[in-house]
Amino acid sequence: NAGVTQTPKFQVLKTGQSMTLQCAQDMNHEYMSWYRQDPGMGLRLIHYSVGAGITDQGEVPNGYNVSRSTTEDFPLRLLSAAPSQTSVYFCASRTAAVGKKYTEAFFGQGTRLTVV
Amino acid sequence: DQQVKQNSPSLSVQEGRISILNCDYTNSMFDYFLWYKKYPAEGPTFLISISSIKDKNEDGRFTVFLNKSAKHLSLHIVPSQPGDSAVYFCAANAARNEKLTFGTGTRLTIIP
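Nothing here was measured: the structure is a model prediction, and the numbers come from that model.

*Asks:* Can you help me understand the nonpolar core in this one?
*Replies:* Across soluble globular proteins, nonpolar side chains have a tendency to be buried as a group. Counting residues in hydrophobic clusters, the biggest one holds 24 residues, and the most contacted among them are Phe33(B), Trp35(B), Leu73(B), Leu75(B) and Tyr88(B). Among the elements that make up this core, the one with the highest residue count is strand β9 (residues 86–94) of chain B (five residues). Among residues more than four places away in sequence, those in contact with Tyr88(B) are Gln6(B), Leu21(B), Trp35(B), Tyr36(B), Lys37(B), Leu47(B), Leu75(B), Ile77(B), Gly105(B), Thr106(B) and Leu108(B). In this structure, Val4(A), Leu13(A), Met19(A) and Val115(A) belong to the second largest nonpolar core, which totals 19 residues.

Dropping the structure here:
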């Protein structure tokens, strides 16, 4: 059972380059999210999706785009990389809430991105 | 503005003793709280959660306590084991939306 798979694990970009971080889950989860983790900041929500074709902004969306064409995949695009986007990126998925019970998220192993 | 705070960046505990990790929040709309554990080079993994209608939830060696009036929750690990050495994140959710707000984490080290 692969769970949530992120690729690549490491990436170095030059300022101004674009790239896509891939995220795939095989648990048929409706909800998927992208977070970034920076030293002393915890994890912050970038974008999320509650189903195929539906996306919304999180806490720190600027400089990132997402799309959700299938249930399984939720790629994160950096349009023009900046040094401030140097971070560790985590993708997460979870099933929709059952009744009033919030369902916990499953996280991928992360992508460490450095922008020089 | 940090809505979820973990004021202790690190904690060291002797193996077999109790580990207590603390978390404070400021947003009174939060109604569900979760603890995640993270090893180096891995993603966070879910540990335990609690709804605001409860004040305690227990799962094996892990117990989470919620004090709504103080806007404070704590995670107790008894007995602590070497495999518990990790970074622990507290997270909060309001009204079952997708937005989880995380604390900055506490690095727990269990001393054999």
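*Asks:* What is the right way to look at the packing of aromatic side chains in this model?
*Replies:* By convention here, two paired aromatic rings are described through the distance between centres and the angle between planes. A complete count under the given rule lists twelve aromatic pairs over all chains for this structure. Between Tyr35(A) and Phe107(A) the ring centres are 5.7 Å apart and the planes differ by 45°, which places this aromatic pair in the tilted class. Residue Tyr35(A) is located in strand β4 (residues 31–38), and its partner Phe107(A) is located in strand β10 (residues 106–107); the two are separated by 72 residues in the primary sequence. Exposure class is identical for Tyr35(A) and Phe107(A). Each is buried. With 4.7 Å between their ring centres and 40° between their planes, Tyr25(B) and Phe33(B) make a pair best called tilted. Classification of Tyr25(B) as buried rests on a relative accessible area of 7%. Each member of the aromatic cluster is reached from another via a ring pair, and the members are Tyr35(A), Phe90(A), Phe107(A), Tyr36(B), Phe46(B), Phe89(B) and Phe102(B).

*Asks:* Whenever I open this one, the pairing of strand β3 (residues 19–25) of chain B confuses me. Can you help?
*Replies:* Put simply, side chains in a regular strand alternate between the two faces of the sheet. Residue and element names in this part refer to chain B. The alternating pattern of β3 places Ser 19, Leu 21, Cys 23 and Tyr 25 on a buried face and Ile 20, Asn 22 and Asp 24 on a face that is not buried. Relative to β3, strand β1 (residues 4–5) runs antiparallel, the two being bridged by two bridges. Among the inter-strand pairings, Val 4 is bridged to a residue of β3, identified as Tyr 25. Pairing of β3 with strand β8 (residues 72–77), which is carried by six bridges, proceeds in the antiparallel orientation.

*Asks:* Explain a nonpolar patch on the surface to me, please; I cannot follow it from the model alone.
*Replies:* Together, Ile18(B), Ile20(B) and Val78(B) line one region of the surface with nonpolar side chains, adding up to about 220 Å² of accessible area. With respect to the helices and strands, the residue Val78(B) is situated in the loop between β8 and β9.

*Asks:* Is there a simple way to explain the sheet that holds strand β7 (residues 64–66) of chain A in this structure?
*Replies:* All names here are of chain A. What the four strands build is an open sheet, ordered β1-β3-β8-β7; its pairing is antiparallel. Edge strands, defined here as strands with exactly one partner in the open sheet, are β1 (4–7) and β7. Between one strand and the next, the sheet's axes are offset by a mean angle of 20°, whatever the strand orientation. As defined by bridge partners, β1 adjoins strand β3 (residues 19–25) across four bridges and the pair is classed as antiparallel. Looking at β3, one finds that Gln 6 is bridged to Cys 23.

*Asks:* Sorry if this is basic, but what is going on with the state of the cysteines here?
*Replies:* Each disulfide is one covalent bond, formed between the sulfur atoms of two cysteines. Residues and elements named next belong to chain B. Inspection of every chain in the model, using the stated rule, returns two disulfides over all chains. The disulfide partner of Cys 23 is Cys 90, and the gap between their sulfur atoms is 2.1 Å. Note on the Cys 23 and Cys 90 pair: the S-S dihedral is about -75°, so by sign convention the disulfide is left-handed. Of this pair, Cys 23 sits in strand β3 while Cys 90 sits in strand β9, and the two are 67 residues apart along the sequence.

The rules behind these values
Residues numbered from 1 in each chain as written. Chains lettered and ligands numbered in written order. Predicted model: local features only at pLDDT ≥ 70, side-chain atom pairs only at ≥ 80, totals over all residues. Heavy atoms only, no water. Core = buried A, V, L, I, M, F, W, Y, C linked by side-chain atoms within 4.5 Å. Buried < 20%, exposed > 50% of the residue type's maximum accessible area, 1.4 Å probe, protein only. Helix = DSSP H or I, 4+ residues; strand = E, 2+ residues; numbered from the N terminus. Contact = heavy atoms within 4.5 Å. Phe/Tyr/Trp six-rings, centres within 6.5 Å; stacked < 30°, edge-to-face > 60°. Pairing = 2+ DSSP bridges. Patch = residues over 30% accessible without salt bridge, like charges linked within 9 Å, V, L, I, M, F, W, Y side chains within 5 Å. Areas by Shrake-Rupley, 256 points an atom, 1.4 Å probe, with all protein chains shown as cover. Salt bridge = Lys/Arg side-chain N within 4 Å of Asp/Glu carboxyl O. Axes fitted to C-alpha atoms, helices over the stretch in contact; angles between N-to-C directions. Disulfide = S-S within 2.5 Å.

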